[in-house]
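Inside the fold
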Amino acid sequence: MDKKPIYFDHAATTPLCKEALEKMLPYFTDVFGNPNSQHAYGRESVKAVDEARDAIAKIINCKPNEVYFTSGGTEGDNWALRGIAHAYKNKGKHLIISPIEHAAMLATAKALKKEGFEIEFMKVDEFGVVDLEHLKTIVRDDTIFVGCMLANNEVGTIEPIKEIAEIAHAKGAVCFTDAVQAAGVLKTDVKELGVDMMSMSAHKIYGPKGVGALYIRNGLKTESILTGGHQERMKRGGTTNVPGIVGFAEAFKIADRDREKNFEYVSSLRDRFIDRVLTEVPFVKLNGPRTGRLPANADFSFKFIEGESILFSLDLAGIAVSSGSACSSGSLEPSHVLLALGLPEELAHGSIRFSFGKHNTVEEVDYAVETIKAAVQRLREMSPLFKAEGEIKYV
Amino acid sequence: MYNEKVMDVFKNPKNVGEIENPDGIGTVGNASCGDIMQISLKIENDIIVDAKFKTFGCAAAIATSSTATEMVKGMTVEEALKLTNRRVVEALGGLPAQKLHCSVLAEEAIKKAIEDYRSKKAN
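Residues numbered from 1 in each chain as written. Chains lettered and ligands numbered in written order. Predicted model: local features only at pLDDT ≥ 70, side-chain atom pairs only at ≥ 80, totals over all residues.

This part covers the sheet that holds strand S6 (residues 174-178) of chain A. Residues and elements named next belong to chain A. In space, the seven strands of this open sheet follow the order S2-S8-S7-S6-S5-S3-S4, with mixed pairing throughout. Because the sheet does not close on itself, it has two edges, and the strands there are strand S2 (67-70) and strand S4 (118-121). Direction aside, the axes of adjacent strands within the sheet are offset by 20 degrees on average. The pairing of strand S7 (residues 197-201) with strand S8 (residues 212-216) spans five bridges and is antiparallel. Paired with Ser201 across the strands is Gly212, a residue of S8. Contacts from helix H2 (residues 40-60) reach S2, S7 and S8, with the element oriented near 120 degrees to S2. (Pairing = 2+ DSSP bridges. Helix = DSSP H or I, 4+ residues; strand = E, 2+ residues; numbered from the N terminus. Axes fitted to C-alpha atoms, helices over the stretch in contact; angles between N-to-C directions. Contact = placed C-beta atoms within 7 Å.)

Quick look at the sheet that holds strand S2 (residues 35-44) of chain B now. Residues and elements named next belong to chain B. The antiparallel open sheet is built from three strands, whose spatial order is S1-S2-S3. Every other strand in the sheet has two partners, leaving strand S1 (24-30) and strand S3 (47-56) as the edge strands with one partner each. Sheet twist, expressed as the mean angle between neighbouring strand axes with direction ignored, is 15 degrees. Where S1 lies against S2, seven bridges are found, and the strand directions are antiparallel. Among the inter-strand pairings, Thr27 is bridged to a residue of S2, identified as Gln38. Packed on one face of the sheet, helix H5 (residues 100-122) meets S1 and S2 and runs near 145 degrees to S1.

On to the domain arrangement of chain A. Where interface size is quoted, it is often the accessible area lost as the parts come together. Residues and elements named next belong to chain A. The assigned domain composition of chain A is domain 1 (18-257) and domain 2 (259-386). If you average the C-alpha positions of domain 1 and of domain 2, the two centres end up 29 Å apart. Considered class by class, the residues forming the side of domain 1 that touches domain 2 number 10 nonpolar, six polar and three charged. (Domains from an automatic or database assignment. Nonpolar A, V, L, I, M, F, W, Y, C, P; charged D, E, K, R; others polar.)

Further remarks concern the pairing of strand S13 (residues 351-355) of chain A. Residue and element names in this part refer to chain A. A large share of S13 lies buried, amounting to five of its five residues. Side chains of S13 alternate between two faces, with Ser351, Arg353 and Ser355 and Ile352 and Phe354 buried alike. Relative to S13, strand S10 (residues 297-302) is paired through five bridges, and the arrangement is antiparallel. What sits directly across from Phe300, in S13, is Ile352. For strand S12 (residues 322-323) and S13, the ladder comprises two bridges, and the chain directions are antiparallel. Each residue of the ladder has a partner; that of Ser323, found in S13, is Ile352. (Buried ≥ 20, exposed ≤ 12 C-beta atoms within 10 Å, placed from the backbone.)

As a further point, take helix H6 (residues 161-170) of chain A. Residue and element names in this part refer to chain A. All buried positions along H6 are accounted for by Ile161, Ile164, Ala165, Ile167 and Ala168. Looking straight down H6, one finds that the buried residues subtend no more than 165 degrees of arc, so they occupy a single side. Looking at the buried residues of H6, the elements they touch are helix H5 (132-138), strand S5 (143-149), S6 and helix H7 (190-193). In the segment just after H6, Gly172 is the residue with positive phi, at about 75 degrees. (Arc of directions from axis to C-beta.)

Turning our eyes to something else, we now look at the interface of chain A and chain B. At the junction of the two partners, chain A supplies 20 residues and chain B supplies 17 residues. Elements represented by at least two residues in the side of chain A that touches chain B include exactly helix H11 (307-316), helix H12 (326-329), helix H14 (345-349), helix H15 (362-382) and helix H16 (384-393) of chain A. For the side of chain A that touches chain B, a count of residues per class yields 10 nonpolar, five polar and five charged.

Time to look at the nonpolar core. Residue and element names in this part refer to chain A. If you look at the biggest cluster of nonpolar residues, it comprises 155 residues, and the most contacted ones within it are Phe145 and Ile164. Looking at which domains feed residues into this core, each of domain 1 (18-257) and domain 2 (259-386) supplies at least three. Other than its neighbours up to four places away in sequence, Ile164 contacts Val130, Leu135, Val146, Cys148, Glu159 and Cys175. (Core = buried A, V, L, I, M, F, W, Y, C linked by C-beta atoms within 7 Å.)

All right, on to the packing of H2(A) against helix H9 (residues 242-257) of chain A then. All names here are of chain A. Running from amino to carboxyl end, H2 crosses H9 at an angle of 30 degrees, the nearest separation of the two axes being 9 Å. What the angle tells us is that H2 and H9 run roughly parallel. Helix-helix and strand crossings are classified by hand; for H2 and H9 the assignment is left-handed. Residue-level contacts link Ser45, Ala48, Val49, Ala52, Ala55, Ile56 and Ile59 of H2 to Val242, Ile245, Val246, Phe248, Ala249, Phe252, Lys253 and Asp256 of H9. By residue class, the composition of the contact of H2 with H9 is 12 nonpolar, one polar and two charged. (Parallel < 35°, antiparallel > 145°, perpendicular 65-115°, else oblique. Left-handed = near helix turned anticlockwise from the far one by under 90°.)

Glancing now at the pairing of S6(A). Residue and element names in this part refer to chain A. The element S6 is extensively covered by neighbouring structure, given that five of its five residues are classed as buried. Of the two faces of S6, the one holding Val174, Phe176 and Asp178 and the one holding Cys175 and Thr177 are both buried throughout. One ladder, built from five bridges, connects S5 with S6; its direction is parallel. The partner of Val146 across the bridge, within S6, is Cys175. A crossover links S5 with its parallel partner S6, the connecting element being H6, and its sense is right-handed. As judged from the three bridges shared by S6 and S7, these two strands associate in the parallel manner. Looking across to S7, one finds that Phe176 is bridged to Met197. (Right-handed = clockwise from strand over helix to strand, strands pointing away.)

In structure tokens, the structure reads:
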């Protein structure tokens, strides 16, 4: 590889920012006390966690005692769905989620179905946007939970959460949003959004892995999923991840401070990339909407070829991306998100997600476009499908 | 997840293409599963003198297509029918477990191409 590697997979994870790292370091060694301890060591850790909680509460516009630290997005999603289902099962057993949720939601819903809950899915259009009129027809008096991502991790679609929350509340259901991809990128004011619960993760916004938070509106009942000690006001057992929490808060503060600037810059990279790919690569489909998507996200299906082989072709050229093909996920099914958008399986297998970050450059985008053109051409020449369909259209 | 050998073959596969007027051709798999493999053979006196492939699939599918076509060149039809996916995988120095089905496709495509050859010959 004669060029510096290029990282276009920020929706998977981001590098920890130096400011967060520096804030975290003392809490591994010098200030190592367990916040549950009564002595001075413990109190010093409590102070750090309280400050972090205050900072996050301020960003999302809630009270500090509505922020519960978790191990990340998966735990937040699990806790929200399972916690509400179990706490409100006497009121009803009807749960509504979107079909493009993260696996953390889908797998939990599947488990709850086995327990006797009824799971119903929202409808999404070809861009992944929730159909609000359809949602109005499926919420019922016994609906206890309505959950939808604020922005989708694969195709970047930003969802009308405020409207979804209004529809949920009209029937007295709890509204949850998974803001793992959105927090720190979009404005995530829980009052404006009108949600009762919101999950967040640190490592998507240049914070550390293994830490996140769940906003739970005061007055809501939830059942704990991690039962144990007195941590997180008796709601979430497990020794507090002090350095992780400190790093999360610092990363979130920086993301929030620079939110508009980053949004504009990363969007400009994405737009340049999308425009060039759409005009310079034949037989390509942009998945998700052209506008109203996460600034970082560009997701394409390349016709006649398979995603994993594109991923490794780009990897060989030093470009890191991810794919929604079955072969990349280790399962036999291609991305459930792309199938929910109505893509034929063949196109779902040929999908690649590019997700940009604040450190990427225009030069990297341009180099990637040239590399993609060559890689796609090479793979198409190997593909039996390209000959069959391509000769007619590709002149 | 892939070893260096597999990545090397994926990077520089051999026998890409389609033989004109092949003596036998076989296509297996389907687009909805994410793998389609087509192998075409040139056969003289029951000996495979040339083999080419076209594959829609992952890096493992492309690497096994290349390796399997390399292996059958020079084999008799009988020998080629005995080529197992295990031997193709061994020649590549192993594949991740979830990728083994790709090597099965190569074995099946060769068998199908030979069937095609035999049915053409019988007519």
